[in-house]
Amino acid sequence: MMKIQIITLFPEMFEGVLNTSMLRKAQQKKLVDYQLINLRDFGLGRRKTVDDTPYGGGDGMVLRPEPLVEAIEAAKQKTKNKKQKTILMTPRGQKFNQAKARQLAKLDNLILVCGHYEGYDERITKFIDEQISIGDYVLTGGELPAMVVIDAVTRLIPGVLGGETSAEVESFNQPGVIEYPHYTRPEDFRGMKVPKVLLSGDHAKIAKWRKSRQKRVL
Ligand code: 4H4
């Protein structure tokens, strides 16, 4: 069973996403185990401090290395000697794509560190295997990026996308293919008709039409 550990200051952000629909079902089927690790638990002193002012001056605060590295080490403790990667979500990271999702889905354990608008002490990167960005825009935290990675990786775990028919399993199992356009009742919606080929009952012709309309995701 794949384990995905998430180190975050805002674990509550994940509750809804991880416990809804496919991600919830994947947990129920014991295909994946999500573990939320609250960075605050590794904070320093009575006040559980996790950040401090930047050396060299400047505005804002920077996440201190001790809490982050202790949280990473605690996460690693749980999956010694297994295929695992520690990933930092950051706008400066390598662009996330389907190929990367497929690569990560093969691991036994994934540790996702949610970067923060405050930035982090550069020395933590010694404990990080890869830095990933979900796109060239700046968010307030790495939590939404972590959810994107979790969603894209979880759906690739064998057994998560259990289709009803063999055709559905087949199409789901081509994770790099974004499906052809779909239609359902009514046949005529405000003058917009369903493509005739789909009403023909000619399965070869329908398959050909669908293949011609599929979009591949690299
Ligand atoms: C870091 C925001 C630093 C602002 C961040 C600054 C992404 C992304 C992201 C929280 C981090 C932001 N993470 N893909 N895109 N202080 N994370 O935007 O330099 O303005 O993964 S700062």
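Residues numbered from 1 in each chain as written. Predicted model: local features only at pLDDT ≥ 70, side-chain atom pairs only at ≥ 80, totals over all residues. Heavy atoms only, no water.

Engineer: If you had to explain the overall build of the protein chain to someone new, which residues and values would you point to?
Structural biologist: A tally of helices and strands in the protein chain yields seven helices and eleven strands. Whereas a compact globule of 218 residues would reach a radius of gyration of roughly 17 Å, the protein chain reaches 22 Å, over 25% beyond that. Across its three principal directions, the C-alpha atoms of the protein chain cover 70 × 40 × 25 Å. Evaluated residue by residue, the protein chain yields a buried proportion of 40% over its 218 residues. Across the protein chain, the fraction of contacts at a sequence separation of at least 24, relative to all contacts at a separation of at least 6, is 75%. (Helix = DSSP H or I, 4+ residues; strand = E, 2+ residues; numbered from the N terminus. Rg over C-alpha atoms; globule rule 2.2 N^0.38 Å. Buried < 20%, exposed > 50% of the residue type's maximum accessible area, 1.4 Å probe, protein only. Contact = heavy atoms within 4.5 Å.)

Engineer: Can you tell me about a positive patch on the surface, naming the residues and giving the values?
Structural biologist: Together, Lys83, Arg102, Lys106, Lys211 and Arg216 line one region of the surface with positive charge. Locating Arg216 in the fold gives a position in strand β11 (residues 215-216). (Patch = residues over 30% accessible without salt bridge, like charges linked within 9 Å, V, L, I, M, F, W, Y side chains within 5 Å. Areas by Shrake-Rupley, 256 points an atom, 1.4 Å probe, with all protein chains shown as cover. Salt bridge = Lys/Arg side-chain N within 4 Å of Asp/Glu carboxyl O. Lys, Arg positive; Asp, Glu negative; His and termini not counted. Charge placed at Lys NZ, Arg CZ, Asp CG, Glu CD.)

Engineer: Account for the site of the ligand, with residues named and values stated.
Structural biologist: Around the ligand there are 15 residues in total, and Tyr117, Ile134, Gly135, Tyr137 and Leu139 lie nearest to it. Here Thr90 contributes a backbone N or O atom positioned 3.4 Å from a nitrogen atom of the ligand. Here Ile134 contributes a backbone N or O atom positioned 3.0 Å from a nitrogen atom of the ligand. For the ligand, the accessible surface in isolation is 510 Å², of which the surrounding protein chains cover 75%. In terms of residue count, strand β5 (residues 84-95) provides more of the shell around the ligand than any other element does, three residues in total. (Near = heavy atom within 4 Å. Polar contact = N/O pair within 3.5 Å; in protein donor to acceptor, adjacent residues only side chain to side chain.)

Engineer: With reference to specific residues and values, describe the side chain of Asp121.
Structural biologist: By the secondary structure assignment, Asp121 is in the loop between β6 (109-114) and β7 (130-133). Of note is the side chain of Asp121, whose polar atom sits 2.6 Å from the side chain of Arg123. Ignoring sequence-local partners within four residues, the contact set of Asp121 consists of Val62, Leu63 and Pro65.

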